[in-house]
Amino acid sequence: MADIIATYADLVEEAFIQPLRSVLIVDDQYPTWEEILNEALPADKQARHLAVRSREKEWRRNPSGPLDVIKQFRSHKPGFVIDIHDAVSGETHKSDEDELADYLHQSDLLVLDYNLEGAESGLGGLKAREILKSVLTNKHFNLIVVHTSEHDLNEVFSDCLLSLMQSCASRFDGDIDAGISKLEEKLDELVDEGLFDRKVLFEKMTMDDYLSLRRAHVSLGDAIRSFMKAEGYLADVSAWAKQAGLAGKDLKDFFYWAVQEFEKPHKKLFSEGEFEGVSWSRDPERLWFRTVRGFVAFVSKGPTDLLSELQKALEAWQPTPSRLLSAKYRHELSSIGVEAEDRTLLKRHVFAHFYKDFCSKGNPKLSDAEAERLRTAKLKSHVYSKSEAISFHIEDEVARFGERIRLADGGESGDFARFYNLDLSDEKSAESKKARAHYNSYVSTLPLKKGDDQLDSGHIFKWGGDWWVCATPACDLQPGQNTTGFVGESSEQRPFTALKLVEVKNMDDVDDQHVNSGLFCFVEPVDQLGVVICLGFQKIEKSEIVPNGKATWRTFVAEKNGLISQNKMSMIVPKFVDQKLVLEAAEAEVVAKLRYEYALNYIQKIGISVTRIGLGYS
């Protein structure tokens, strides 16, 4: 029997909801294990502060609310492991948000009450916002439901969202501040003449207007240009300023003034730094935001199925097919990863030999630092092989899920592609060309690591204004290997061969013939993130490509055995100056790294170059 074609909702549930196994509920009105067990102790052994706190909680008078929520998670198949925290610790009633965030690492889902301090405190969700920020800075991707009895869910959402942002005014430079100060004097005169009222700003500018300015794709420069023409998000504010007689620089300064004034009532909400990857929806039917570390849905308290509300918010987010596949991969790795790992580890001879080799110093001439770098290189290679072996056991299930996505999308005629917010329908459009270049870079390069690294095949570096790719086999670059290309040995210096690459200045010149020739690569230099450039060892000209054409290569000597530190590498450049060999010290900037199979392609090109036969045709 053929599988029933899934809906998008089914796919979201399978990728994000089904993997959930545990939930942490943080609510100051819920019972905790500590207070329930404390109540069962003899009176003289009870912790007084726990007993007092428990008697004051709402669940004592109306247990149906917490009970309904707990039943939701208990009735789910499979049932959730449930824990409850009231965000109050010890007799001082002080919270520890960082401790709670660490505690959440053991839970898949956080249900967070917004007003943990109680309405009478006047803090308006401060503790919940601090917990939220702390959770969204840990290393895990978190699913969070902010569960609140506040009457204005939009305000709760806005306050939480602003707490992840740095205020615009805090980033204004001295010239902007000076312009605002000068404008204030003019506004004071207009107020005295009855031509201006500062309070009107909050009638002309809404929270929706402000947040529209804060979206990642909106630049402040574009917003100002629209403002000057009374267009865009702050068109009403611009028209109001013009009505008061402001124009030119005064009107531009008024834009900054309006933003600053709007932020003042919310000053205490803003963060000292900006959270990465913040996006959101203020659709009143489905409020949510996300960062690179988590997804947050907002739900009013009541007879509501929290998991269903979370799923609807996830659907409104419209995660792309790629993100669905990634979530499925994480779940499968978690589900059968231990089993797959155990199958791999049963090969005792393999791992006994690895450990013996790993612990061995190898070449006795190596210094302790060099031996440590060699062991690190071996360990990284081992981790790569082991990860590949484990992935082998789960790739079929992830592939089946990918096929379900395609079928749910209607084959080639579906519209899930719109979730990427890119129009690639025209293959000749700039967007399509950019997408292809980025894809080619993704499949052929690896991200550079922070900190120290070891020179390896495929490292692309800049020196002397030119681009080069290391084309020496990886085995010859490890510390302790025999020196190649030179007589004698060195434990500090490592010779290597690099192929010169030429940057293609106009990406429009790159066609299918070039891409598939094996002569070109696509990289995103670490100093130009978001920009993909094409490099090849032939210039793109009208003449046909010569697949085995002459390559320009040089021999360099890496210092410190090929150590790369902060993307910098010290090396020696042998060169002839005035008919004499000179060894010149130089520093190269490592900007990218090719995957090994792509690096092998260039190693092969050098092999072809050095073994070519010169014939005597005239």
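Scroll up to find the structure this text is about.
Residues numbered from 1 in each chain as written. Predicted model: local features only at pLDDT ≥ 70, side-chain atom pairs only at ≥ 80, totals over all residues. Heavy atoms only, no water.

*Asks:* Describe the overall build of the protein, naming the residues involved and giving the relevant values.
*Replies:* Across its full length, the protein holds 20 helices and 18 strands. Its C-alpha atoms put the protein at 100 × 75 × 60 Å along the principal axes. Residues counted as buried form 43% of the 618 residues belonging to the protein. Across the protein, contacts joining residues at least 24 apart in sequence account for 71% of those joining residues at least 6 apart. For the protein, the accessible area works out to roughly 34800 Å², and carbon and sulfur atoms hold 51% of it. Both charge centroids of the protein, one from 78 positive and one from 100 negative side chains, sit 5 Å from each other. (Helix = DSSP H or I, 4+ residues; strand = E, 2+ residues; numbered from the N terminus. Buried < 20%, exposed > 50% of the residue type's maximum accessible area, 1.4 Å probe, protein only. Contact = heavy atoms within 4.5 Å. Areas by Shrake-Rupley, 256 points an atom, 1.4 Å probe, with all protein chains shown as cover. Lys, Arg positive; Asp, Glu negative; His and termini not counted. Charge placed at Lys NZ, Arg CZ, Asp CG, Glu CD.)

*Asks:* Tell me about empty space enclosed by the protein, and please be specific about residues and values.
*Replies:* Counting across every chain of the model gives one cavity of 30 Å³ or more. Considering only enclosed or pocket space, the largest cavity measures out at about 40 Å³ in volume. Forming the boundary of the largest cavity are Leu448, Lys449, Gly451, Asp453, His459, Ile564, Asn567 and Val590. Residue composition of the lining of the largest cavity, grouped by class: three nonpolar, three polar and two charged. (1 Å grid on protein atoms, 1.4 Å probe; cavity = no way out; pocket = protein on both sides within 12 Å on 5 of 7 lines; lining within 4 Å. Points joined across faces, edges and corners; volume = space filled by probe spheres on them. Nonpolar A, V, L, I, M, F, W, Y, C, P; charged D, E, K, R; others polar.)

*Asks:* Mind laying out the sheet that holds strand β6 (residues 288–291), listing which residues take part and the relevant values?
*Replies:* Read from one edge of the open sheet, seven strands run β2-β1-β3-β4-β7-β6-β5, paired in mixed fashion. Each end of this open sheet is capped by a strand with a single partner; those strands are β2 (81–85) and β5 (279–281). Direction aside, neighbouring strands of the sheet carry axes that sit 15° apart on average. As paired elements, β6 and strand β7 (residues 294–300) share four bridges and run antiparallel to each other. Bridging from a neighbouring strand, Arg290 pairs with Phe295 of β7. (Pairing = 2+ DSSP bridges. Axes fitted to C-alpha atoms, helices over the stretch in contact; angles between N-to-C directions.)

*Asks:* So, helix α13 (residues 248–263): which residues are in play, and what are the values?
*Replies:* Taking 1.5 Å per residue as the helical rise, α13 with its 16 residues ought to reach 22 Å, and the 24 Å between its terminal C-alpha atoms agrees with that figure. With respect to burial, α13 is a largely interior element, 12 of its 16 residues being buried. Buried within α13 we find Leu251, Asp253, Phe254, Phe255, Tyr256, Trp257, Ala258, Val259, Gln260, Glu261, Phe262 and Glu263. Contacts from the buried residues of α13 go to α8 (174–192), α9 (201–204), α10 (207–213), α11 (220–228) and α12 (235–243). (Expected span 1.5 Å × (residues − 1).)

*Asks:* Please provide a residue-by-residue account of the packing of aromatic side chains, values included.
*Replies:* All chains considered together, the criterion is met by 29 aromatic pairs. An angle of 65° between the planes, with centres 5.3 Å apart, marks the rings of Phe227 and Phe255 as edge-to-face. One end of the pair, Phe227, is in helix α11; the other, Phe255, is in helix α13, and 28 residues separate them in sequence. By relative accessible area, Phe255 is classed as buried at 1%. An aromatic cluster is present here, built from Phe461, Trp463, Trp468, Phe496 and Phe556 joined pairwise through their rings. (Phe/Tyr/Trp six-rings, centres within 6.5 Å; stacked < 30°, edge-to-face > 60°.)

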